[in-house]
Every structure is written in structure tokens, then in C-alpha cells.
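One letter stands for each residue in the lines below.
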Amino acid sequence: MTAFDLLDRSDPTAPLSEDRGPPPRVAVFTDKLDWHVIRTLRALRKQGATAVAVRLSACKIETGRAQGLVIPGFHDLPDLAIVRAIGDGSLEAITMRLGVLHALEALGVPVVNSARAIERCTDKSMASFLLAQAGLPAPQTFAAQTLAQARAIARRECAKGPLVMKPLFGAQGWGLRLIEHEGDLPSLQDARGVFYLQHFVGPARPPFEDMRILVSGGETIAAMRRRSSHWITNVRQGAKPLAVEPSAREAEIALAAAEALGVDFAGVDIINDDRGAPLILEVNSMAGWSGLQRVTPFSIADRVTADALAQMTRARLRG
């Protein structure tokens with residue numbers, strides 16, 4: 001029996017809410033039982049749900065079955081799915097896992113976040129395009145597929161200031177590069193075929209900081225400033241989380257960014273430009289909150305799972 005098996009069963013001693021039928025069955029999709037998944041499972045069980053950790057890589061499509069899907073831990077379909085991670089894999093594997101999420105939605109299962117929202121946020125170039133189309137403030141962004149195009153962008157734009165190159169698919173600050181001239185660009189192979197570049201926003205010297213706002217259920221529920229001696233300000237990279245109350249404008253654009261990308265739950269990263277105006281850096285559809293929890297007085301897991309269960313209830317009423 002694996003650690004996944006041990007946590008794939010609901011805790012029979014967990015208190016149940018006022019019973020209005022069988023407890024909701026929730027699939028928590030993940031690739032590992034990390035801090036976030038364990039707290040998500042506990043929060044769901046505390047609220048009366050049967051919570052099961054499931055690897056998307058273990059799910060199957062079988063068209064001979066009534067529903068066409070096989071979700072480990074479920075004889076039928078879950079009542080709700082919460083996506084914490086897709087997992088690494090080939091393009092084909094990732095496409096199929098997203099296909100499983102699309103199939104669940106097609107069968108009427110609420111998925112937080114939806115496959116479409118995850119696709120939009122994970123592809124930073126599409127996220128930037130949609131934010132711009134929505135008229136939301138963000139650093140000027142460029143995405144190119146050849147080294148010649150990227151060099152031309154760098155020659156033109158680095159005269160105004162440095163660029164930040166990010167992996168198109170990436171998180172937690174890993175793989176970021178500061179591009180101060182075209183010679184700083186990696187090869188096309190090292191860039192994995194895409195150069196995603198943004199104007200660097202921030203001071204010339206430390207301290208560096210930005211803001212993470214957590215959005216859930218159409219509201220901003222928690223926020224922190226991330227302060228660092230390095231220009232990469234992710235908590236996983238050593239930044240210090242500081243409690244903060246977002247301004248009305250910061251909260252407004254965080255909610256608007258979530259709406260533009262279609263996410264029900266998101267971590268929206270915001271930075272101030274040299275005039276103090278907030279700009280959207282990124283929208284994370286599978287955001288972590290371990291750093292944010294350090295400066296938040298309530299359980300974030302309790303709040304976000306309650307919002308997801310409420311979404312499931314609304315979907316049932318509409319159905």
C-alpha cells in the first residue's frame with residue numbers, strides 16, 4: 001500500500017456537516033501528496049466530503065463504459081474535481097490529462113479550475129494576450145518562436161531597459177533569466193522553442209517586492225507582499241512573505257484578471273511600476289499558498305474548499 005492509497009480513503013472519524021443526502025465525493029487531482037494536497041483533503045473531509053487524491057496519469061478513457069471515463073477511487077464519477085497539479089509528461093500525456101478534465105466537465109462534473117482556464121493560465125503567452133485584450137495593465141510582453149525574432153526584440157527593447165525571459169510553462173520562479181542585451185538570450189533549444197519576454201519592472205537594486213493576491217469564489221481572500229534581496233521574489237526562492245491589505249485598485253485588477261482567464265481560484269501576482277501603478281505579472285491557476293498561509297489568520301484550505309463545494313452546490317441547483 002502506497003502513501004497515495006493511505007490518503008485516497010476518506011477519514012471515517014472526520015465530522016460530517018448536516019446531512020442532506022450522501023456526502024459529496026471529491027477528486028483532488030495531483031501528482032504528489034504535498035503540503036497543499038494534504039491540507040486540501042483534510043479541509044474537504046472536515047466539511048463532510050469524501051475526498052480522494054487521484055493522479056491524472058492514472059485516469060483512463062474507456063468508451064465501452066457508460067460514462068466513458070475511469071477515475072481511480074470512484075465507482076462512478078466524482079461530484080466535484082479540484083485540480084492541484086497536472087503532473088509532468090510528454091505533450092501527448094498532458095493533452096490526455098487535460099482531456100480527462102474536459103470530459104468530466106462535459107459529463108456535468110464541476111472542475112476547479114476548468115481545463116480551459118488551466119490551459120489559458122499555463123500558457124503564459126495566451127494569458128498575456130487575454131489580459132491585454134481585456135485592457136488590464138501588465139508589463140509589455142513578447143513571445144517569439146525563432147532566435148532571430150528574439151534577438152530583434154532584445155536589440156530594440158533592451159535599449160529601454162532589461163527584459164525578463166520566462167519559461168512558457170513554469171512556476172515558482174524557476175528558469176527566469178534577466179536579458180540586458182541580445183547576447184543574454186539562450187539558444188532556441190534551451191528556450192524549448194519559445195522566447196517569452198517581458199519588460200522588467202522594479203527597482204535597480206534591492207529590496208525587490210511584489211504582491212500575491214489569492215482569488216477564490218469571485219473574491220480576493222488573502223494577500224501578501226513578497227520581499228527579497230533578489231529580483232526573483234517567489235517565496236520558494238527565498239523571499240519573505242509580509243501581510244498586506246490590497247488597495248481597491250489592486251483587488252479590482254486581480255478579480256478582473258481571474259475573470260479574463262476564466263479561473264475560479266487563482267494566485268494573481270502584481271507589481272508596481274515606477275509611478276506606483278499596479279501591473280499584473282501572472283495568473284496562476286494551480287497556485288500554492290504555503291507562504292501566504294504564514295501571514296493569514298484563517299485556514300486558506302478551509303476557505304478555498306468551501307468555495308469549491310459551494311460551486312458544486314450551485315451547479316447541482318442549476319442542473
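Right, let's walk through the structure included here. (Residues numbered from 1 in each chain as written. Predicted model: local features only at pLDDT ≥ 70, side-chain atom pairs only at ≥ 80, totals over all residues. Heavy atoms only, no water.)

Now for the packing of helix 4 (residues 115-122) against helix 5 (residues 124-133). Two elements in contact, helix 4 and helix 5, have axes separated by 5 Å at closest approach and are oriented at 95°. On the basis of their axis angle, the class for helix 4 and helix 5 is roughly perpendicular. In this structure, helix 4 uses R120, C121 and T122 to contact helix 5, whose residues at the interface are K124, M126, A127 and L130. Among the residues forming the contact of helix 4 with helix 5, the class breakdown is four nonpolar, one polar and two charged. (Axes fitted to C-alpha atoms, helices over the stretch in contact; angles between N-to-C directions. Helix = DSSP H or I, 4+ residues; strand = E, 2+ residues; numbered from the N terminus. Parallel < 35°, antiparallel > 145°, perpendicular 65-115°, else oblique. Contact = heavy atoms within 4.5 Å. Nonpolar A, V, L, I, M, F, W, Y, C, P; charged D, E, K, R; others polar.)

What follows concerns the side chain of N113. Along the polypeptide, N113 turns up in the loop between strand 6 (111-112) and helix 4. For N113, a relative accessible area of 1% translates into the label buried. A polar contact is formed between the side chain of N113 and the backbone nitrogen of D264, at a distance of 2.7 Å. A distance of 2.6 Å separates a polar side-chain atom of N113 from the backbone oxygen of F265. If we skip the residues at most four places from it in the chain, N113 touches V83, I118, V263, D264, F265 and S285. (Buried < 20%, exposed > 50% of the residue type's maximum accessible area, 1.4 Å probe, protein only. Polar contact = N/O pair within 3.5 Å; in protein donor to acceptor, adjacent residues only side chain to side chain.)

Next up on the list: the pattern of salt bridges. Scanning the model with the defined rule gives 19 salt bridges in all. Between R155 and E182 there is a salt bridge, and its shortest N-O distance comes to 3.1 Å. Here E182 lies in the loop between strand 9 (177-179) and strand 10 (195-199) and R155 lies in helix 6 (residues 147-157), a separation of 27 residues in the sequence. Residue classification places E182 among the partly exposed positions, given a relative accessible area of 28%. (Salt bridge = Lys/Arg side-chain N within 4 Å of Asp/Glu carboxyl O.)

Before going further, it helps to spend a moment on the environment of G291. By the element assignment, G291 lies in helix 8 (residues 290-293). Separated by 56 residues in the primary sequence, G291 and V235 have C-alpha atoms spaced 6.2 Å apart. Leave out the neighbours within four places in its chain, and G291 touches M224, V235 and P241.

The next subject is the sheet that holds strand 5 (residues 80-83). With parallel pairing, the four strands of this open sheet are ordered in space as 2-1-5-6. Each edge of the open sheet is held by one strand with a lone partner, namely strand 2 (50-54) and strand 6. Contacting strand 1 (25-29), strand 5 and strand 6, helix 9 (residues 300-318) crosses the sheet at an angle of about 145° to strand 5. (Pairing = 2+ DSSP bridges.)

Keep in mind these values describe shape, not function.
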